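Observations on the model geometry
Given next are the chains, with one letter for each unit.
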Amino acid sequence: MYKKLSKLVIYKNIQTDSILFCLADIIEKYERGQTDTEETVTAVYGQIHRLLDVATEYGFNGNLWQNYLAWLLATVENPFSICCEKVGAREGTVNHFAKGDFVIFKELFHYDFAPLEEALGIDCFATVTNYRAVAKNRRSYNHNVSEKVQKLSERIAKALDVDGVFQAVTEFYRDYGVGRFGLNKAFRVQKKNGRAELSPITNTEDVRLGDLVGYELQKQKLIENTKAFVEGKKANNVLLYGDAGTGKSTSIKAVLNEYYQGGLRMIEIYKHQFEDLSAVISQIKNRNYRFIIYMDDLSFEEFEIEYKYLKAVIEGGLETKPDNVLIYATSNRRHLIRETWSDRSDMSQDELHHSDTVQEKLSLVARFGVSINYSAPNQKEYFEIVRCLAKPYKNFGLSEAELLQQANAWEMRNGGLSGRTAQQFITYMAGKDL
């Protein structure tokens, strides 16, 4: 196995501490007589443990060895895989080297562990290649990655020749992409060793725009802008503002689910991380995806200056914002930055040019080309939301009048009229023993 891996060219950058390379090294040392049986068995079990961890994280089932190899091909970023993402295979000499690597992977897919197991007196490889996973809740593992990788694994396993493997892998890159951006919808920013890194959010909420009752004009404006962006046309940064609990955040989560297959990805960032915005954009600007940088509940107090980083990134820095990046933000405030009466006063004891302060604070909102207002529903609209949400539960066995009467009492006790209040009422009713 180790000799095969030494001949990799395109996929040479697979980490040497990966399960694949570690197993190859264990087998090589055993075959050379550099380790005894007990040491080898212990080392093998260590890698089987790692393999089971990967399988649990991604919900793999069946042939875990083949699933793992397919996962490697799906996640390893190199010039070939990145070139193929979202466009598929292209003509070029590099394909010759890629097919050479796929010959090796095809052999690895059908590697015979039986002689090694017989020599060591173990059966762990026979077990993991015919694995029956314990049924798990979809939220307990990365379901989004699991399905794709297992389908790729099946295609490679069934491929009759290297051209079949080449087609399976390059079509996977075309349809889904490669690496963390190809396999995941959303990301958060985390600092690692002082550097801003994008970490996948493995379980995103599966909400659609149709799940949000009402706000049809608002949703249409959001769809039009997002659709243009995904299709490579000109599009604006978007600010969704208005009353709390009206569906602003839900709308943005929904557009991610609607346009994920078209190459849309989302990065969630908080205002204390705005100084890392430039570093984040530098990691995504040359990829074949469309990225929305998502800022939820955005607002600033007078003393907070993080908005200056945001202004520079949106418009005003020397480096232009890449065409594959937009910023979507939600806020309960129309103007984002808190203003005081002294800002509006014609007289200021603290500042000679007080009008400049006002313009400085308003200029951030002006850099969002589209602003969409989500206002609180009136009682009629609130009742309509309740009706729609209660339909799957058949009104909990209540008449419509009884349902709305209870919904009205609920909103009076719990925060007033809003879509969120309606959803909380439905959740409360669903949890009761009726």
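This report concerns the structure included in the present document. As the structure is a prediction and not an experimental result, all values here were calculated from the model.

For the chain, the count of helices and strands is 20 helices and seven strands. For the chain, buried positions account for 48% of its 434 residues. Counted over contacts in the chain with a minimum sequence separation of 6, partners at least 24 positions apart contribute 77%. Accessible area of the chain: about 22,400 Å², with a carbon and sulfur share of 48%.

Okay, the packing of aromatic side chains next. Evaluation of the coordinates by the stated rule reveals 23 aromatic pairs. Ring geometry for tyrosine 58 against phenylalanine 60: centres 5.7 Å apart, planes inclined by 20°, an arrangement best described as stacked. The same class applies to tyrosine 58 and to phenylalanine 60, which are both buried. Judged by centre distance (4.0 Å) and plane angle (0°), the ring pair of phenylalanine 113 and phenylalanine 125 falls under stacked. Placement of phenylalanine 113 in the loop between helix 6 (94-109) and helix 7 (114-120) and of phenylalanine 125 in helix 8 (residues 124-128) is noted, with a sequence separation of 12 residues between them.

An α-helical turn contains 3.6 residues, so a residue and the one three or four places further along point in the same direction. Regarding helix 14 (residues 277-284), the residues found buried are Leu277, Val280, Ile281, Gln283 and Ile284. The buried residues of helix 14 occupy one face: seen down the axis, they fall within an arc of 155°.

Strand order across the open sheet formed by seven strands is 2-1-4-5-6-3-7, with mixed pairing between neighbours. At either margin of the open sheet sits one strand with a lone partner, and together these are strand 2 (195-201) and strand 7 (370-374). The sheet shows a mean angle of 25° between the axes of neighbouring strands, direction not considered. Note that strand 4 (residues 264-268) and strand 5 (residues 290-295) share five bridges and pair parallel.

About the cut-offs
- Residues numbered from 1 in each chain as written.
- Predicted model: local features only at pLDDT ≥ 70, side-chain atom pairs only at ≥ 80, totals over all residues.
- Heavy atoms only, no water.
- Helix = DSSP H or I, 4+ residues; strand = E, 2+ residues; numbered from the N terminus.
- Buried < 20%, exposed > 50% of the residue type's maximum accessible area, 1.4 Å probe, protein only.
- Contact = heavy atoms within 4.5 Å.
- Areas by Shrake-Rupley, 256 points an atom, 1.4 Å probe, with all protein chains shown as cover.
- Phe/Tyr/Trp six-rings, centres within 6.5 Å; stacked < 30°, edge-to-face > 60°.
- Arc of directions from axis to C-beta.
- Pairing = 2+ DSSP bridges.
- Axes fitted to C-alpha atoms, helices over the stretch in contact; angles between N-to-C directions.

Spatial relationships are all this shows, so hold off on functional conclusions.
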